[in-house]
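Here is what each chain is made of, one letter per residue.
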Amino acid sequence: MYKEFEQVIENNQGRIRYIASRYCQNHDFEDIYQEILMQLWRSYSSFKGQSSIETWLYKVALNTACTFVSKSIKHKELQQVLSEVIKPESQSGQENCQAEILNSFMNTLSDTDANILMMYLDGFTSEEITEVVGISANAVRLRIKRIKTTFEDQYIGEEK
Amino acid sequence: MMLDDLKAGWDSEMKKPVKHEQLATVLEILQRETCKLDKSIKRRDILEVSIALLLIPVWGWKLVYSVSLMQSVGLWVAILACLFIPYKLIKAKKVNVQKNDSILSFLLIEKVKLENQKKLLESVALWYILPLMVAIILITAGATVDSLGIPQLTLQLKIYYSFCALLSVGVYLLNKRAAKKRFKPLLDKVNYRIKEIK
């Protein structure tokens, strides 16, 4: 199980990192990252493969991040190694620009809309997003449409 | 630029390489720390319940040698309190929050859990302080009764009661403060998120 879990984390490192950075406004990024990893490890034994591993990961990570309260107990050893692992890698110019646009747009969205956008960009279907968020597929589609319109208003407006 | 144009950027963000060896170390420490944390939570829960349960035979034994009806009533109250307090604590913890539920159902269950914990702290005077105080007063005052069954309180006992009363007020206020400071902001946060999703 340990090896499998390691593989899951390795494959989803980007998602975890992004979720942690999205929710770290008032807390340490490493604190949230560490808590998400802990909760994923705790929940992994109950993962029965009824949904995809990505859906399960989003549920656990978002539920952990959105109710996160900074803990007084900090695992120093873990934090030291973590800070090395989660150091952002350098990106190419175009990717960097896209990431900046994405991040600045994400910051204008509510947490729910930002979560939906993350999954949308990740290629999730409305039904999969429904499974994670817990609202109807129609509501998800409506929200995606609204997010798209807001984005286009903001960025196409700027380009013009 | 359309929203879908950002998909490529997102994909490359997700596929950033990881430092494999360090990740293995992180997971190893993580596994160890989680295990340690689970053990300490289990130990704390067992301690909470076992202290109360271990006191029951003590009260029972005292009951056999009770010197007055007042003391016997006090000992019965103590026995019942030793059963009731762990029951209250266990019941409050029983709400099972699953992190792999959908965000909405997770938040709704989390809300129930937080409300229970807040209520538990706010009502600490009723389920924790009151039965213990009543038991202490009846047991100690019951030991001083005269032939008519009227307790003869000494100065030391009066000082002791005053100290217990002060301690009880302190515990009550601390819990009330914790309910307000710790659980109210959390509940507000959860309620806000539920409203936002709906």
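Residues numbered from 1 in each chain as written. Chains lettered and ligands numbered in written order. Predicted model: local features only at pLDDT ≥ 70, side-chain atom pairs only at ≥ 80, totals over all residues.

A.B. asks: How do you make sense of the overall build of chain A when you look at a structure like this?
C.D. replies: When its secondary structure is counted, chain A shows 9 helices and 0 strands. Walking chain A from its N terminus toward its C terminus, one meets helices and strands in the order α-α-α-α-α-α-α-α-α. Sorting the 160 residues of chain A into buried and exposed places 33% on the buried side. A separation of at least 24 residues holds for 62% of the contacts in chain A among residues at least 6 apart in sequence. (Helix = DSSP H or I, 4+ residues; strand = E, 2+ residues; numbered from the N terminus. Buried ≥ 20, exposed ≤ 12 C-beta atoms within 10 Å, placed from the backbone. Contact = placed C-beta atoms within 7 Å.)

A.B. asks: Explanation requested: the overall build of chain B in the structure shown.
C.D. replies: Scanning chain B from N- to C-terminus turns up 6 helices and 0 strands. In sequence order, chain B lays out its α and β elements as α-α-α-α-α-α. In terms of overall size, chain B is more extended than a compact globule, its C-alpha atoms giving a radius of gyration of 26 Å where 198 residues would be expected to give roughly 16 Å. Referenced to the eigenvectors of the C-alpha coordinate spread, the extents of chain B come out at roughly 95 × 40 × 25 Å. (Rg over C-alpha atoms; globule rule 2.2 N^0.38 Å.)

A.B. asks: Where do I start with the domain arrangement of chain A in this structure?
C.D. replies: Residue and element names in this part refer to chain A. The domain architecture assigned to chain A consists of domain 1 (1-89) and domain 2 (91-160). Facing the 9 residues of domain 1 at the interface are 10 residues of domain 2. Those elements giving two or more residues to the side of domain 1 that touches domain 2 turn out to be helix H2 (13-22) and helix H4 (53-66). With 5 residues, H4 is the single largest residue contributor to the side of domain 1 that touches domain 2. Residue classes in the side of domain 1 that touches domain 2 are distributed as 4 nonpolar, 2 polar and 3 charged. (Domains from an automatic or database assignment. Nonpolar A, V, L, I, M, F, W, Y, C, P; charged D, E, K, R; others polar.)

A.B. asks: Sorry, what's going on with the nonpolar core here?
C.D. replies: Nonpolar side chains tend to gather and get buried jointly when the protein is soluble and globular. In this structure, Ile 19, Ile 36, Ala 61 and Ala 65 of chain A are the most contacted members of the largest nonpolar core, which totals 45 residues. When residues of this core are assigned to their parent elements, the largest contribution, 8 residues, is made by H4 of chain A. Two domains each provide a minimum of three residues to this core, namely domain 1 (1-89) and domain 2 (91-160) of chain A. Counting residues in each nonpolar core, the second largest holds 10 residues, with Leu 75, Ile 137, Leu 138 and Ile 139 of chain B among its members. (Core = buried A, V, L, I, M, F, W, Y, C linked by C-beta atoms within 7 Å.)

A.B. asks: How should the packing of H2 of chain A against H4 of chain A be read in this particular structure?
C.D. replies: The packing of two helices is summarised by the inter-axis angle and the distance between the axes. Residue and element names in this part refer to chain A. It is at 10 Å that the axes of H2 and H4 come closest, and there the two elements cross at 20 degrees. Considered as vectors, H2 and H4 are oriented roughly parallel to each other. Read as a crossing pair, H2 and H4 show a hand that is right-handed. For the pair formed by H2 and H4, the contact residues are Arg 15, Ile 16, Ile 19 and Ala 20 on the first element and Leu 57, Ala 61, Leu 62 and Ala 65 on the second. (Axes fitted to C-alpha atoms, helices over the stretch in contact; angles between N-to-C directions. Parallel < 35°, antiparallel > 145°, perpendicular 65-115°, else oblique. Left-handed = near helix turned anticlockwise from the far one by under 90°.)

A.B. asks: Sorry, what's going on with H4 of chain A here?
C.D. replies: Since the α-helix advances by 3.6 residues per turn, residues separated by three or four positions end up pointing in the same direction. In this model, H4 of chain A (14 residues) spans 20 Å end to end at C-alpha, consistent with the 20 Å of a helix rising 1.5 Å per residue. The element H4 of chain A is largely enclosed, with a buried count of 11 among its 14 residues. All of the buried residues in H4 of chain A are Trp 56, Leu 57, Tyr 58, Lys 59, Val 60, Ala 61, Leu 62, Asn 63, Thr 64, Ala 65 and Cys 66 of chain A. Lining the buried residues of H4 of chain A we find H2, helix H3 (29-44), helix H7 (111-121) and helix H8 (126-133) of chain A together with helix H4 (103-122) and helix H6 (155-197) of chain B. (Expected span 1.5 Å × (residues − 1).)

A.B. asks: Even after reading the chapter, I still don't get the confidence of the model for chain B, so can you show me in this structure?
C.D. replies: Atomic detail in the predicted coordinates should be set aside for any region of low pLDDT. On average, residues of chain B score 85 in pLDDT, and 96% of them reach the 70 mark or higher. Overall fold confidence (pTM) sits at 0.76, and the ipTM for the predicted complex is 0.78. (pLDDT = per-residue confidence, 0-100.)

A.B. asks: I'm lost on H3 of chain A in this one. Help?
C.D. replies: The end-to-end C-alpha separation of H3 of chain A is 22 Å, in line with the 22 Å expected for 16 residues at 1.5 Å each. All of the buried residues along H3 of chain A are Ile 32, Tyr 33, Gln 34, Ile 36, Leu 37, Leu 40 and Trp 41 of chain A.

A.B. asks: Quick question: what am I supposed to make of the packing of H4 of chain A against H8 of chain A here?
C.D. replies: All names here are of chain A. Running from N to C, H4 and H8 point in directions that differ by 35 degrees, and their axes come no closer than 9 Å. Seen along the crossing, H4 lies across H8 with a hand that is right-handed. Across the interface between the two elements, Thr 55, Tyr 58, Lys 59 and Leu 62 from H4 touch Glu 128, Glu 131 and Val 132 from H8. Among the residues making up the contact of H4 with H8, the classes are represented as 3 nonpolar, 1 polar and 3 charged.

A.B. asks: Looking at this structure, how should I read the confidence of the model for chain A?
C.D. replies: Of all residues in chain A, 78% have pLDDT values of 70 or greater, and the mean over the chain is 80. Highest mean pLDDT in chain A belongs to H8 of chain A (92); lowest belongs to helix H5 (residues 76-85) of chain A (60).

A.B. asks: It is not clear to me how the environment of Glu 4 of chain A should be interpreted in this structure. Could you clarify?
C.D. replies: All names here are of chain A. Along the polypeptide, Glu 4 turns up in helix H1 (residues 2-11). Of the residues examined, Glu 4 has 11 C-beta atoms within 10 Å and is grouped as exposed. Separated by 63 residues in sequence, Glu 4 and Thr 67 place their C-alpha atoms 27 Å apart.

A.B. asks: Help me understand the environment of Ala 81 of chain B in this model?
C.D. replies: All names here are of chain B. Among the structural elements, Ala 81 can be located in helix H3 (residues 69-93). Residue classification places Ala 81 among the buried positions, given that 22 C-beta atoms sit within 10 Å. When the C-alpha atoms of Ala 81 and Val 169 are compared, they prove to be 19 Å apart, with 88 residues separating the residues in sequence. Aside from chain neighbours lying at most four places away, what touches Ala 81 is Pro 131, Leu 132 and Ala 135.

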